[in-house]
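Given next are the chains, with one letter for each unit.
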Amino acid sequence: MKICEKEVSQIGFGTWKLGGGFWSPDYSRDKESVEVIEYAISRGINLIDTAEMYGGGHAEELVGEAIKRFNRDDLIIVTKVWPNHLMYEDVIKSAKNSLRRLNSKYIDLYLIHWPNSSVPLEETIRAMEKLIDDGIVRCIGVSNFDVNLLQQAIHLTKKYEIVANEIEYNVNNKSAEKDVIPFCEKNNIKVIAYSPLARGSVKDNEILEEIGKKYGKTPVQVALNYVKRRSIPIPKASSKKHVDEILGSMGWDLSEEDYERIKNL
């Protein structure tokens, strides 16, 4: 699978709560955070997802530090603009600030983090297309958009395509399978799944544990294997051990019977 003309790993890496929380930076675990991102990349994960809101931009700084020793063109860096920055000039400013924090020549994929009905979507899309024209961003997309908003976004683009929609999708929340995911598949929009482990709750799922025993896999690995069939999951890992477990979701596939069993949970 490709995003922005680059081959993408089946699993990405999410950075929410690395380097702080909601607009609030935390510098206490910077070294460990950089090391775990570096480790994930060294193990073959090449999509790193972040946002200007994560730690008030500090997560982007950690990503920028972690990617220094790798070939930038092998990586797909995704970041997002917050909904109170969706006016034309604010989008441009946010993207430039994200680029500076990432210490990169460009952003691969720039997403509208959440829709904002008080700002015309046309204005935001116009700014995002300008970012591509200016070489700041390679591709544009959205996050948390339903089918109606996706249709609007597609209609409003003049030069470029909406290439991705980042949504919550996990075995406990499969609502996107009804409409959003089929629409994205039909329109060649990649689905990026955040919270693919349902904030850690999948590890206590007895059915996932039972299915996992057949494959020698953990509930976490089964849950990610399910989600990766129709999306690119972006779990967060806070340790190398977590990264190794995440990687164990790749290289095999659930049987149709087991897939359907999880689908009907």
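Quick note: structure is the one above.
These numbers come from a predicted model, not from an experiment.

Chemist: I keep staring at the pattern of salt bridges and nothing clicks. Help me out?
Modeler: If charged atoms from side chains of opposite charge come close, those side chains can pair. Evaluation of the coordinates by the stated rule reveals 18 salt bridges. Among the ionic pairs, Glu32 bridges to Arg29, the shortest N-O distance being 3.9 Å. Between Arg69 and Glu38 there is a salt bridge, with its nearest N and O atoms 3.8 Å apart. Here the residue Arg69 occupies a position in the loop between helix H2 (58-66) and strand S5 (76-81), and Glu38 occupies one in helix H1 (residues 30-42), the gap between them amounting to 31 residues. Arg69 gets classed as exposed once you look at its relative accessible area, which sits at 57%. Overall, Glu38 belongs to the buried group, its relative accessible area being 18%. One salt-bridge network, in which partners are shared between bridges, spans Lys6, Arg72 and Asp108.

Chemist: What am I meant to see in the sheet that holds strand S10 (residues 232-233) here?
Modeler: Strands pair in a sheet through their backbones, by hydrogen bonds, and they do so in one of two ways: parallel or antiparallel. On the basis of which strands lie adjacent, the open sheet formed by 8 strands has the order S3-S4-S5-S6-S7-S8-S9-S10 and parallel pairing. Looking at which strands have only one partner, the edges of the open sheet turn out to be strand S3 (13-14) and S10. Inspection of the sheet shows S3 paired to strand S4 (residues 47-49) by 2 bridges, in the parallel sense. When the bridges of S4 are listed, Gly14 appears paired with Asp49.

Chemist: Could you clarify how one ought to interpret helix H8 (residues 219-227) in this entry?
Modeler: Two residues of an α-helix separated by three or four positions point the same way, owing to the 3.6 residues in each turn. Within H8, 9 of the 9 residues are buried, which leaves it mostly tucked inside the rest of the structure. Here H8 has its buried residues at Pro219, Val220, Gln221, Val222, Ala223, Leu224, Asn225, Tyr226 and Val227. On the buried face of H8, the contacting elements are strand S9 (190-194), helix H7 (206-215), S10, helix H9 (240-247) and helix H10 (256-263).

Chemist: Just to check I follow, could you spell out unusual backbone geometry for this structure?
Modeler: With glycine set apart, most residues show a phi of negative sign, and most peptide bonds adopt trans. Notably, Cys4 is not glycine yet its phi reads approximately 55°, a positive angle. Of note, Cys4 is situated in the loop between strand S1 (2-3) and strand S2 (6-7). With relative accessibility at 14%, the residue Cys4 sits in the buried group. With a phi close to 60°, Trp23 is a non-glycine residue in the positive phi region. Along the chain, Trp23 falls in the loop between S3 and H1. Judged by its relative accessible area of 32%, Trp23 is partly exposed.

Conventions we followed
Residues numbered from 1 in each chain as written. Predicted model: local features only at pLDDT ≥ 70, side-chain atom pairs only at ≥ 80, totals over all residues. Heavy atoms only, no water. Salt bridge = Lys/Arg side-chain N within 4 Å of Asp/Glu carboxyl O. Helix = DSSP H or I, 4+ residues; strand = E, 2+ residues; numbered from the N terminus. Buried < 20%, exposed > 50% of the residue type's maximum accessible area, 1.4 Å probe, protein only. Pairing = 2+ DSSP bridges. Contact = heavy atoms within 4.5 Å.

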